[in-house]
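Single-letter residue listing:
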Amino acid sequence: MSVRTRRLRCVAAVALAAGLALGSAACSKSDDKDGGSSGEKVKLTVDTFGNFGYTQALKDFNASHPNIEAVERKNGELKDFEPKLTQWIATGAGAGDVVGLEEGTLLKYLQQADKFVNLLDLGGAELESRFPAWKWERGKAKSGELIGIGTDVGGLALCYRKDLVEAAGLPGDREAFGELVSTWEKYIEAGKKFKASGAKAAWIDSGSSVVQPFVMQNAETWFFSNDDKFIGDTNPAVKQAFDVAMQMNELGLSAKLVRWTPDWDAGFKNSAFATVPCASWYAGPGVLQQRAGAELSGKWDLTTIPGKYGNWGGSYLAIPKQSKHQKEAYELIKFLSSKEGQLASFQEAGGMPSNLEAAADPAFSGKVDAYLNNAPFGKIFSESVKDLKPIYLG
């Protein structure tokens, strides 16, 4: 979110104008045959939200599948896409051949497994070895159907303005700064010192930016138990997370901006805050760099998140049963979830690959980000998920 935004994809991910009928496809009279007897290409639509980084990946897929033409339909942010996808799935019409399902809203679609293709029926079991066990299992409905194949994961770090931190008398070196803020308690104490220095910027963009990382680090469940009973009012980790957020607001450390709004966007460019917890998709070109702009290149840096590890966001690709080209859509999902497909997505949008081979490849693991003051992007984010114990989102 994930970005944080967290990013989906005749490959429909999630977000178009409610009434657009997606890619029924200029295929021939035979829907599931590669191009049909007339030789026309099967046209696939991928519905996405945020930035899935599929521009080059789709070009590569189309080049290697001359009988198929896959196009991306971008649907704005998740908040724009989600109502549309909900309507398409409910009415059985309008969705693309492939759609993106965001981690935080995944469960409601798993509970509607009958509306999606069971990817195991198309040979999906062949893809299991590509992914960490937790990422693979999370794409399954409780009744056993495989609904989603993983795209990115959202390893966590802390993005910070090195220049603003140093101007306040705090260490700007990423290792020294990371140690200074190694726990949420230390992070708040450092924020107090930052404010006391007279800095014009706030310490953090929003107190709410702490909530998701904190819960991810300190709980096995969030608002719902493993048997889907609401526990948001009794889960101690949730209360602690909101207490930390409120404490930061009360101490005057927060810019009190609402994420994913124009004011929040402007806050990056106007240097309204000095630090922000950030997922891999957030720190890359899709969110922070896009909003902060080229003039702040090298001023932002990256260090370990308080608490050291965690995951924020990540998405899946699914095929609605309403698709008329399910076999071809599966071929597309296979490609987009491959090492090559996920590395192409990373290069374009910065999302951390969930494909194990892609994550281990030097193109990711050795990635140094010039925008983030040459921070070891791949190393920091890889280590943030190394000991991950994912929680049940419900």
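Use the structure listed above.
Residues numbered from 1 in each chain as written. Predicted model: local features only at pLDDT ≥ 70, side-chain atom pairs only at ≥ 80, totals over all residues. Heavy atoms only, no water.

Participant: Looking at this model, I keep getting lost on the overall build of the protein. Mind explaining?
Facilitator: When its secondary structure is counted, the protein shows 17 helices and nine strands. Surface exposure of the protein reaches about 15500 Å², of which carbon and sulfur atoms provide 53%. (Helix = DSSP H or I, 4+ residues; strand = E, 2+ residues; numbered from the N terminus. Areas by Shrake-Rupley, 256 points an atom, 1.4 Å probe, with all protein chains shown as cover.)

Participant: In this structure, what is going on with the nonpolar core? I would like to understand it.
Facilitator: Within soluble globular proteins, side chains that are nonpolar tend to cluster in buried spots. With 68 residues, the main nonpolar core has W203, Y282, L288, W300, L302 and L372 as its most contacted residues. Discounting residues that sit within four places of it in the chain, L372 has contacts with R174, A283, L288, Q289, W300, D301, L302 and F377. Membership of the second largest hydrophobic core comes to 44 residues, among which are F81, L110, F131 and F335. (Core = buried A, V, L, I, M, F, W, Y, C linked by side-chain atoms within 4.5 Å. Buried < 20%, exposed > 50% of the residue type's maximum accessible area, 1.4 Å probe, protein only. Contact = heavy atoms within 4.5 Å.)

Participant: Explanation requested: the state of the cysteines in the structure shown.
Facilitator: What is meant by a disulfide is a covalent connection between two cysteines, made through their sulfur atoms. Going through the model one piece at a time under the given rule, you end up with one disulfide. Sulfur-sulfur distance for the disulfide between C159 and C278 comes to 2.2 Å. Judged by the sign of its S-S torsion, about 95 degrees, the cystine formed by C159 and C278 is right-handed. Of the two residues, C159 sits in strand β4 (residues 149-161) while C278 sits in strand β6 (residues 273-279), which places them 119 residues apart along the sequence. We note that C159, like C278, is buried. (Disulfide = S-S within 2.5 Å.)

Participant: Which parts of the structure should I look at to understand the packing of helix α1 (residues 55-64) against helix α13 (residues 326-336)?
Facilitator: Helix packing for two helices is described by the angle between their axes and how far apart those axes are. Relative to each other, α1 and α13 sit at 125 degrees, their axes nearing to 10 Å. Considered as vectors, α1 and α13 are oriented oblique to each other. Relative to α13, α1 is oriented so that their crossing is right-handed. In this structure, α1 uses A57, L58, D60, F61 and S64 to contact α13, whose residues at the interface are E331, L332, F335 and L336. Looking at the contact of α1 with α13, its residues break down into six nonpolar, one polar and two charged. (Axes fitted to C-alpha atoms, helices over the stretch in contact; angles between N-to-C directions. Parallel < 35°, antiparallel > 145°, perpendicular 65-115°, else oblique. Left-handed = near helix turned anticlockwise from the far one by under 90°. Nonpolar A, V, L, I, M, F, W, Y, C, P; charged D, E, K, R; others polar.)

Participant: What is the right way to read the pairing of strand β2 (residues 68-74) from this model?
Facilitator: Along a regular strand, successive side chains alternate from one face of the sheet to the other. Looking at chain direction, strand β1 (residues 42-48) and β2 are connected through five bridges and run parallel. Considered in β2, the bridge of K43 is made with E69. Since β1 and β2 lie parallel, the crossover through α1 that links them has a hand, and here it is right-handed. (Pairing = 2+ DSSP bridges. Right-handed = clockwise from strand over helix to strand, strands pointing away.)

Participant: Teacher, can you tell me more about a nonpolar patch on the surface here?
Facilitator: Residues F223, F224, F230 and F242 make up a contiguous nonpolar surface patch of roughly 370 Å² in combined accessible area. Mapped onto the fold, F242 is located in helix α9 (residues 236-250). The partly exposed category is assigned to F242, whose relative accessible area is 41%. (Patch = residues over 30% accessible without salt bridge, like charges linked within 9 Å, V, L, I, M, F, W, Y side chains within 5 Å. Salt bridge = Lys/Arg side-chain N within 4 Å of Asp/Glu carboxyl O.)

Participant: Would you mind showing me how to read helix α14 (residues 339-349) here?
Facilitator: Residues separated by three or four positions in an α-helix point in the same direction, a consequence of the helix having 3.6 residues per turn. Of all the residues in α14, the buried ones are G341, Q342, L343, A344, S345, F346 and A349. Two residues or fewer after α14 comes G350, characterised by a positive phi angle close to 90 degrees.

Participant: In this structure, what is going on with the pairing of strand β7 (residues 300-303)? I would like to understand it.
Facilitator: Burial along β7 is two-sided: the residues W300 and L302 and D301 and T303 are all buried. Bridge count for β4 against β7 is four bridges, and the pairing is antiparallel. Residue pairing in the sheet places C159 in a bridge with L302 of β7.

Participant: Would you explain the packing of helix α8 (residues 208-218) against α9 in this entry?
Facilitator: With their axes 8 Å apart at the nearest point, α8 and α9 run at an angle of 150 degrees to one another. By the angle class used here, α8 and α9 are roughly antiparallel. Crossing of α8 over α9 shows right-handed handedness. Between α8, through S208, V210, V211, F214, V215 and N218, and α9, the contact on the second element is made entirely by A237, V238, Q240, A241, F242, V244, A245 and M248. In the contact of α8 with α9, the residues fall into eleven nonpolar, three polar and no charged.

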